[in-house]
Amino acid sequence: MAVLITGGAGYIGSHTVVEFIRAGETVVVLDNLYQGHPEAVQGVHLIEADLRDQSKVVKILREFDIESVIHFAANSLVGESVQDPLKYYDNNVGGTRALLSAMTECGVGRIVFSSSAATYGEPVQVPIPETHPQVPTNPYGETKLVIERMLRWCHVAYNLASVSLRYFNAAGAHPDGHIGEDHDPETHLVPIVLSVALGQRPHLPVFGDDYATQDGTCIRDYVHVMDLASAHHLALGRLREKSVCEAYNLGSGSGYSVLEIVEAARRVTGHPIPVVVSGRRAGDPAVLIASSEKARTELSWRPRHESIESMIASAWEWHSKHPLGYGRA
Ligand code: UDP
């Protein structure tokens, strides 16, 4: 029996693969490698396939005797999703629909799904609990919400057990420095700040300093990628105990502004990291902070890397050793 990790060659997926192997699981990775990196899953069984190829997924589930699925494979760029929403409906919703059909056909009854804080949209309450209204403000968040709802109906109809994990801002890298974040194009704050520290960009564009926050820049809840990884294993443990359909927020519960992240990165790297304030980025809420009480209580999730310095230090270890990312170090 094995666990299938879709999108396992991506950023959060590859860290989760390492965590599952550490926990003694047998893992098979399925990735179409459009964005994933084979170098991120060296020594792991990697199958290059697209979820929308349902008959191939059925074959894989049977051949590797898959008992559960951890599902990351998706497009995840908010801006691109606004430009090309059908790409997101096709790959994220269509890919998951095909995966779920294959799972029901083969009697695979458990899935941990990579959802997002983007399903909430503009918060009306902070910290955000799981019961907060889900009103996404972009197609990326909308596709994640559609999938959560699809999972709810699949639980009712086919007894397919699922946990949706709503991530806040993933950051950091594996402590041994062999895997980390490498997106093309990169849009996330921490890797962009560190590329400025490396001299690859002249400055960080700060997207707005006129928000209603203490320094005027947006506040986000950063959570270490290895803590996200461990939550997936705990979630699967819950599904193995009981056929539930649940959603959990994953965040640290602490918020940091863009300028606080830059300050922390200056301390960690010793580099000056110039910033230039530019206009707001469309669709950015001022403050996003998770309440992760439910994950702490029901999954016994205990994040181990809560300080922002330790997240940035582990990311710095990766970026400074692999300034051009995978395969280009
Ligand atoms: N941000 C910024 N400059 C950048 C990239 C991001 O000021 O070059 C800000 C962005 O507006 C947001 C925060 O950093 O307030 C985190 O953005 P990121 O894209 O990393 O994650 P998101 O919150 O969009 O999921």
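Everything below is about the structure printed above this text.
Residues numbered from 1 in each chain as written. Predicted model: local features only at pLDDT ≥ 70, side-chain atom pairs only at ≥ 80, totals over all residues. Heavy atoms only, no water.

Some thoughts on the side chain of His224
Positionally, His224 belongs in strand S10 (residues 222-224). Among the residues examined, His224 registers a relative accessible area of 2% and is labelled buried. From its side chain, His224 meets the backbone nitrogen of Met226 in a polar contact 2.9 Å long. Non-local contacts of His224, meaning those with residues more than four positions away in its chain, are made with Ala171, Gly172, Ala173, His305, Ser310, Met311 and Ser314. (Helix = DSSP H or I, 4+ residues; strand = E, 2+ residues; numbered from the N terminus. Buried < 20%, exposed > 50% of the residue type's maximum accessible area, 1.4 Å probe, protein only. Polar contact = N/O pair within 3.5 Å; in protein donor to acceptor, adjacent residues only side chain to side chain. Contact = heavy atoms within 4.5 Å.)

What about the site of the ligand?
For the ligand, the set of nearby residues contains 15 residues, the closest of which are Leu189, Pro205, Arg220, Arg281 and Asp284. In isolation the ligand has 520 Å² of accessible area, and contact with the protein removes 87% of it. In the shell around the ligand, the residues fall into nine nonpolar, three polar and three charged. (Near = heavy atom within 4 Å. Areas by Shrake-Rupley, 256 points an atom, 1.4 Å probe, with all protein chains shown as cover. Nonpolar A, V, L, I, M, F, W, Y, C, P; charged D, E, K, R; others polar.)

A word on the packing of aromatic side chains
Aromatic ring pairs are described here by two measures, namely the spacing of the ring centres and the angle between the planes. Under the criterion given, the structure shown has two aromatic pairs. The interplanar angle of 35° and the centroid separation of 6.4 Å between the aromatic rings of Tyr120 and Phe168 together place this pair among those described as tilted. Residue Tyr120 is located in the loop between strand S5 (110-116) and helix H5 (139-158), and its partner Phe168 is located in the loop between strand S6 (161-167) and strand S7 (169-171); the two are separated by 48 residues in the primary sequence. Ring centres of Trp318 and Tyr326 lie 4.8 Å apart, and the angle between their planes is 50°; on these two criteria the pair is classed as tilted. Comparing Trp318 with Tyr326 shows no difference in burial state: the two are buried. Sitting over the face of the ring of Tyr211, Arg280 holds its NZ or CZ atom 3.9 Å from the ring centroid. Lys294 extends its terminal NZ or CZ atom over the ring of Tyr248, reaching a point 4.8 Å from the ring centre. (Phe/Tyr/Trp six-rings, centres within 6.5 Å; stacked < 30°, edge-to-face > 60°. Lys NZ or Arg CZ within 6 Å of the ring centre and 35° of its normal.)

Looking at the side chain of Asp31
Topologically, Asp31 is positioned in strand S2 (residues 27-31). For the buried Asp31, no salt bridge exists, and the shortest N-O distance to an oppositely charged side chain is 10 Å, to Arg52. (Lys, Arg positive; Asp, Glu negative; His and termini not counted. Salt bridge = Lys/Arg side-chain N within 4 Å of Asp/Glu carboxyl O.)

A short note on the layout of surface pockets
Put simply, the second largest pocket is a space of about 240 Å³. In terms of lining residues, the second largest pocket is bounded by 14 residues, among which Glu19, Met226, Ser230, Arg304 and His305 are the most central. If you list the elements that add at least two residues to the lining of the second largest pocket, you get helix H1 (11-22) and helix H7 (225-241). (1 Å grid on protein atoms, 1.4 Å probe; cavity = no way out; pocket = protein on both sides within 12 Å on 5 of 7 lines; lining within 4 Å. Points joined across faces, edges and corners; volume = space filled by probe spheres on them.)

Quick notes on H5
Three or four residues apart is the spacing at which side chains of an α-helix point the same way, because the helix has 3.6 residues per turn. Over its 20 residues, H5 runs 27 Å from end to end, which matches the ideal 28 Å to within 8%, given 1.5 Å per residue. Three or more residues of H5 are buried, namely Pro139, Tyr140, Gly141, Thr143, Lys144, Leu145, Ile147, Glu148, Met150, Leu151 and Cys154. Of the surrounding secondary structure, the elements contacted by the buried residues of H5 are helix H3 (78-83), helix H4 (85-106), S5, S6 and strand S11 (245-250). Asn159 sits one or two residues past H5 and shows a positive phi near 55°. (Expected span 1.5 Å × (residues − 1).)

Quick notes on the sheet that holds strand S12 (residues 256-257)
The strand order S12-S9-S14 describes an open sheet built from three strands, whose pairing is mixed. Edge strands, defined here as strands with exactly one partner in the open sheet, are S12 and strand S14 (287-288). (Pairing = 2+ DSSP bridges.)

Description of helix H2 (residues 54-63)
Of all the residues in H2, the buried ones are Val57, Val58, Ile60 and Leu61. Across the axial projection of H2, the buried residues extend over an arc of 165°, all falling on one side. For H2, exposure combined with an orientation more than 90 degrees from the buried face picks out Ser55, Lys59, Arg62 and Glu63. In this structure, the buried residues of H2 make contact with strand S1 (2-6), S2, strand S3 (45-48), strand S4 (66-71) and H4. Just beyond H2, the residue with positive phi is Asp65, at close to 55°. (Arc of directions from axis to C-beta.)

A short note on the nonpolar core
With 31 residues, the main nonpolar core has Ile5, Ile70, Leu165 and Leu250 as its most contacted residues. Every element with two or more residues in this core is listed here: S1, H1, S2, S6, H7 and S11. Broken down by element, this core gets its largest block of residues, six residues, from H7. Apart from residues lying up to four places away in sequence, Ile5 is in contact with Gly13, Val17, Phe20, Val27, Val28, Val29, Leu30, Ile70 and Phe72. Core analysis: the next-biggest nonpolar cluster, separate from the first, contains 27 residues, Val28, Ile47, Leu61 and Leu100 among them. (Core = buried A, V, L, I, M, F, W, Y, C linked by side-chain atoms within 4.5 Å.)

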